[in-house]
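# Residue-level structure breakdown
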Amino acid sequence: MSRSKKTRIVVIGVGAVGSTTAYTLLLRSRMDELVLIDFNKPKAIGDALDMNHGLPLLGKAKVWAGNYEDCADADIIIITAGVPQRPGESRVDLLKRNVTIFESITDEVLKYNKDGILLIASNPVDIMSYFTWKKSGWPEHRVIGSGTLLDSSRLRYLIGNKLNIDSRSVHAHIIGEHGDSELAVWSLANIAGSEILLSAEEKQEIFVNTRDAAYKIIEAKGATYYAIALALDRICTAILKNEASVLNVSTFLANYHGVSDVYMGVPCVVDRSGVREVLPLQIDEDEKKLLHKSADKLKGLIKSISM
Ligand SMILES: NC(=O)c1ccc[n+]([C@@H]2O[C@H](COP(=O)([O-])OP(=O)(O)OC[C@H]3O[C@@H](n4cnc5c(N)ncnc54)[C@H](O)[C@@H]3O)[C@@H](O)[C@H]2O)c1
């Protein structure tokens, strides 16, 4: 972790997710220096100018469109770069292209930064995080995926909305893949310790709406970016303020209910060191089976790109 006096966050890939994340971090005064890097340099320059013009109305920070050299003093490097699917392209081919992009990004970052924290949001986030961790050779606690923090937030929102309870008082987890094989841990979900009084059908409906939320939003407006930006901001805050907050991020698992050698979203204690520890949720037998299924799917994908 950099000991520079100024806190620096670098965002690589300032498309919909990256620029919204950068703006969210800026609005909440999370850092002294914010560096925007994109393959499409004019986009990064334009975003930096646009954000700088708001600083007289906001507060002190330095924002610029940078280069990989600027990763040198970064406390956190957020990667939100990605390429869209080409017509007729398979998901595995898209995955391979994204891995190639990540390979070049990771090579560049590693030239200049040895002790920061890498925070990955690009999809499939669990695979990208695993790949980046392998490629970097960094300890797993410093390579973090956004995991199922967003999905858990969606689940909590939907439960709170259904029961007319502030969603911040809803304790519920989505774990596993950030994607189709994720699962809701209903056996432990509660509102301030009280049981969630919903029927099995209502719970299933809420889960499906959580799992498939991104499809709905993408169909409506092309991309999702506000809630993921808040999730990334939440993780950055837990790191920079050494909060030891429990967040469902994607991390390396070693015998988590028998699941090993894969990155997945599970509750983790996040502090200045990154993922300080993984919390062993006491999930039930059915949930364990679903967790294993999710892990098997991710392992199959890892194999398909032969890491
Ligand atoms: N983890 C989550 O919960 C979550 C949520 C939403 C989106 N995402 C993912 O985030 C990623 C970005 O989504 P988006 O909507 O912002 O896409 P986008 O197309 O708007 O932005 C991607 C950006 O990456 C840049 N880029 C591409 N190759 C690059 C490279 N080699 N170096 C630097 N920059 C490069 C592009 O120029 C573009 O600006 C996607 O993979 C998406 O699936 C994840």
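Each remark here, short or long, concerns the structure printed above.
So, here's what we can say about the structure. Along each chain, residues carry numbers from 1 onward, in the same order as the chain's sequence is written. Local features in this predicted model are restricted to residues whose pLDDT is 70 or higher, and side-chain atom pairs enter the listing and the counts only when it is 80 or higher, whereas totals over whole chains, interfaces and linings include all residues. Calculation of side-chain values draws on the structure's entire complement of heavy atoms; hydrogens and water are dropped beforehand.

With that settled, the discussion passes to the pattern of salt bridges. Salt bridge, as used here, is a side-chain nitrogen of Lys or Arg placed within 4 Å of a carboxyl oxygen of Asp or Glu. Evaluation of the coordinates by the stated rule reveals 14 salt bridges. Glu-177 is paired through a salt bridge with Lys-297; the nearest N and O atoms lie 3.0 Å apart. With a gap of 120 residues between them, Glu-177 in the loop between β8 (174-175) and β9 (183-184) and Lys-297 in helix α9 (residues 285-304) connect regions that are remote in the sequence. Each residue is placed in one exposure class: buried if its accessible area under a 1.4 Å probe, protein chains only, is under 20% of its type's maximum, exposed if it is over 50%, and partly exposed if it falls in between. Using a relative accessible area of 6% as the deciding quantity, one classes Glu-177 as buried. The exposure class of Lys-297 is partly exposed, given its relative accessible area of 29%. When salt bridges with common partners are traced through the structure, they connect Arg-28, Arg-30 and Asp-233 into a single cluster. Secondary structure elements are defined from DSSP: runs of H or I of at least 4 residues count as helices, runs of E of at least 2 residues count as strands, and each element is numbered from the N terminus.

Every one of the 23 residues lining the ligand counts as a neighbour, but Ala-16, Val-17, Asp-38, Ala-121 and Asn-123 are closest to it. We define a polar contact as two N or O atoms separated by no more than 3.5 Å, with the added condition that, inside protein, one atom must be a possible hydrogen donor and the other a possible acceptor, whereas residues neighbouring each other in sequence contribute only through side-chain atom pairs. One of the backbone N or O atoms of Val-17 is found 2.8 Å from an oxygen atom in the ligand. If the ligand stood free it would expose 860 Å²; the protein chains cover 80% of that surface. Residue assignment for the shell around the ligand shows that the elements contributing at least two residues are α1 (16-27) and α3 (91-112). For this scheme, ten residues count as nonpolar: Ala, Val, Leu, Ile, Met, Phe, Trp, Tyr, Cys and Pro. Four count as charged, namely Asp, Glu, Lys and Arg, and the remainder, Gly too, count as polar. A breakdown of the residues in the shell around the ligand according to their chemical character gives 12 nonpolar, 10 polar and 1 charged. Throughout, the term near means that a residue has one or more heavy atoms lying within 4 Å of the molecule or strand in question. In these tables, accessible area is a Shrake-Rupley quantity obtained with a 1.4 Å probe, and a residue counts as shielded only by the protein chains included in the view.

Moving on: the pairing of strand β1 (residues 8-12). Summarising burial for β1: 5 of the 5 residues are buried, a large majority. Burial of β1 is two-sided: the residues Arg-8, Val-10 and Ile-12 facing one way and the residues Ile-9 and Val-11 facing the other way are all buried. The pairing criterion is simple: DSSP has to find at least two bridges between the two strands. Pairing analysis gives 5 bridges linking β1 to strand β2 (residues 33-37), with the strands arranged parallel. In the sheet register, Val-10 faces β2, and the bridge partner there is Val-35. With the strands aimed away from the viewer, a crossover counts as right-handed if its path from the first strand over the helix to the second runs clockwise. The parallel pair β1 and β2 is bridged by α1, and the resulting crossover is right-handed. Bridge count between β1 and strand β4 (residues 76-79): 4 bridges; the pairing is parallel. Residue pairing across strands places Ile-9 opposite Ile-76, the latter belonging to β4.

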